[in-house]
Amino acid sequence: MADLTTSYLGLDLRAPIIASASPLTGQLDSLLALERAGAGAVVLPSLFQEEVEAEEMAAVDMMEVGDGFAEFDSAPLAGIDMSGMGTQHHLDLVAEATANLSVPVIASVNGSRKGGWVDYAKELVAAGANGIELNLFSVNTDETESSADVEERYLEIISAVRAGIDVPLAVKLSQHITGLSAFALRAQQAGADGLVLFNRFYGAEVDLDAMALTSKLALSTSDELRYPLRWIGILRAQREGLGLAATSGVHSGLDAVKAILVGADVVCTTSEVLHAGPERIGGMIAELDEWLDAHGYPSANEARAAMSAANVPDPGQFERAQYMKVITSR
Ligand SMILES: Cc1cc2nc3c(=O)[nH]c(=O)nc-3n(C[C@H](O)[C@H](O)[C@H](O)COP(=O)(O)O)c2cc1C
């Protein structure tokens, strides 16, 4: 068997396949099943900025109602059991997962604007998280906010999270960043240990029968891996020391091989395990191992980045030239 051990964000993993955030990583029994199947690490479902803010608003509402009564004393709020509520649930899950799993447990926070919610990264670490994944997501509709402003806003969040934690920090991005190479450099300078490329967008859908807007959860296909492959290939050649994880479209061990060859430290998988069950990770690892053996690589580390932009004869294939070639080859 090939040596699959991998260093990601400074964490030592037994295999370069991670179970990314989904409902499967939100419960102990499926977390244990993912670990048994061979996952190198797990990423818990995100604590969303909106969950934190909703909780804060609810607390303020209670205070305001109370203020209407002369005898109101806000102290009892401190004694209210919040265990069934959002943020506490995430903290409890981190504690439960780290107590029961031996692979690294990465907690996730998801937001779009700096605020008090970023402090929860610190709390998740205090609860035991071995790393934090910061998912930056926003649909940018403010006509006065330029792309540069949006990037600045994201960098502020990265710095704020970094300042509060002393464990590895990965930043999960969508592919809608205009100057990704420049942003990757600045994200690293702001304290990101790695990038997770790319989060999927769920667009709008129109239900013609109901004449209503809906949003549909569609699982990915391997075809979507082309976008992470391009950018990981480019960034691996540009950013020494920046961890790179491929997400979106990893459905097999061969998909993992492709991502590792262009330079990914790890791949993350969600749709495949939601569809086929946690044990599918074992099959993916076997496929990865078989390919490495058949191609004379004793370890995943030796295959890593063999096809990054620094190591292929024509790195332009990662860029625009690729598009022209596809057109002219018809
Ligand atoms: C049902 C579901 C829930 C998800 N929840 C989260 C989440 O809480 N936080 C997050 O960063 N990504 C979340 N994701 C995104 C996945 O972690 C992953 O990045 C994405 O599905 C692309 O990977 P895939 O092609 O393997 O599915 C979720 C995806 C699905 C399908």
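Here, every reference points to the structure presented above.
Residues numbered from 1 in each chain as written. Predicted model: local features only at pLDDT ≥ 70, side-chain atom pairs only at ≥ 80, totals over all residues. Heavy atoms only, no water.

As a further point, take the environment of Gly277. With respect to the helices and strands, Gly277 occurs in the loop between α9 (271-276) and α10 (280-294). What makes Gly277 buried here is its relative accessible area of 13%. A C-alpha to C-alpha distance of 9.0 Å links Gly277 and Ala33, two positions 244 residues apart in sequence. (Helix = DSSP H or I, 4+ residues; strand = E, 2+ residues; numbered from the N terminus. Buried < 20%, exposed > 50% of the residue type's maximum accessible area, 1.4 Å probe, protein only.)

Within strand β4 (residues 41-48), six of the eight residues are buried, leaving the element largely enclosed by the surrounding structure. When strand β3 (residues 17-19) meets β4, the two strands line up parallel, connected through two bridges. Looking across to β4, one finds that Ile18 is bridged to Ala41. Bridge analysis of β4 against strand β5 (residues 105-111) gives five bridges, and the strand direction is parallel. Opposite Phe48, over in β5, you have Asn110 as the bridge partner. (Pairing = 2+ DSSP bridges.)

As a structural note, the neighbourhood of the ligand is formed by 20 residues, with Ala21, Ser46, Asn135, Ser220 and Ser271 the closest of them. Between an oxygen atom of the ligand and a main-chain N or O atom of Ser248, the distance comes to 3.4 Å. Note that an oxygen atom of the ligand is positioned 2.5 Å from one of the side-chain N or O atoms of Ser271. Out of a free accessible area of 610 Å², the ligand has 89% covered by protein chains. Sorting the residues of the shell around the ligand by element identifies β4 and α9 as the ones contributing at least two each. Among the residues forming the shell around the ligand, the class breakdown is six nonpolar, 12 polar and two charged. (Near = heavy atom within 4 Å. Polar contact = N/O pair within 3.5 Å; in protein donor to acceptor, adjacent residues only side chain to side chain. Areas by Shrake-Rupley, 256 points an atom, 1.4 Å probe, with all protein chains shown as cover. Nonpolar A, V, L, I, M, F, W, Y, C, P; charged D, E, K, R; others polar.)

The subject of this paragraph is unusual backbone geometry. Omega for the bond connecting Leu197 with Phe198 falls within 30 degrees of zero, at -5°, which places this linkage in the cis form. The topology assignment puts Phe198 in the loop between β8 (194-197) and β9 (205-207). Not every positive phi belongs to a glycine, and Leu9 is a case in point at roughly 60°. With respect to the helices and strands, Leu9 occurs in the loop between β1 (6-8) and β2 (11-13). Since its relative accessible area comes to 13%, Leu9 is described here as buried. A positive phi is found at Ala305, a non-glycine position, where the angle reads about 70°. Turning to its location among the elements, Ala305 is positioned in the loop between α11 (300-303) and α12 (321-328). Looking at Ala305, the relative accessible area reads 13%, which means it is buried.

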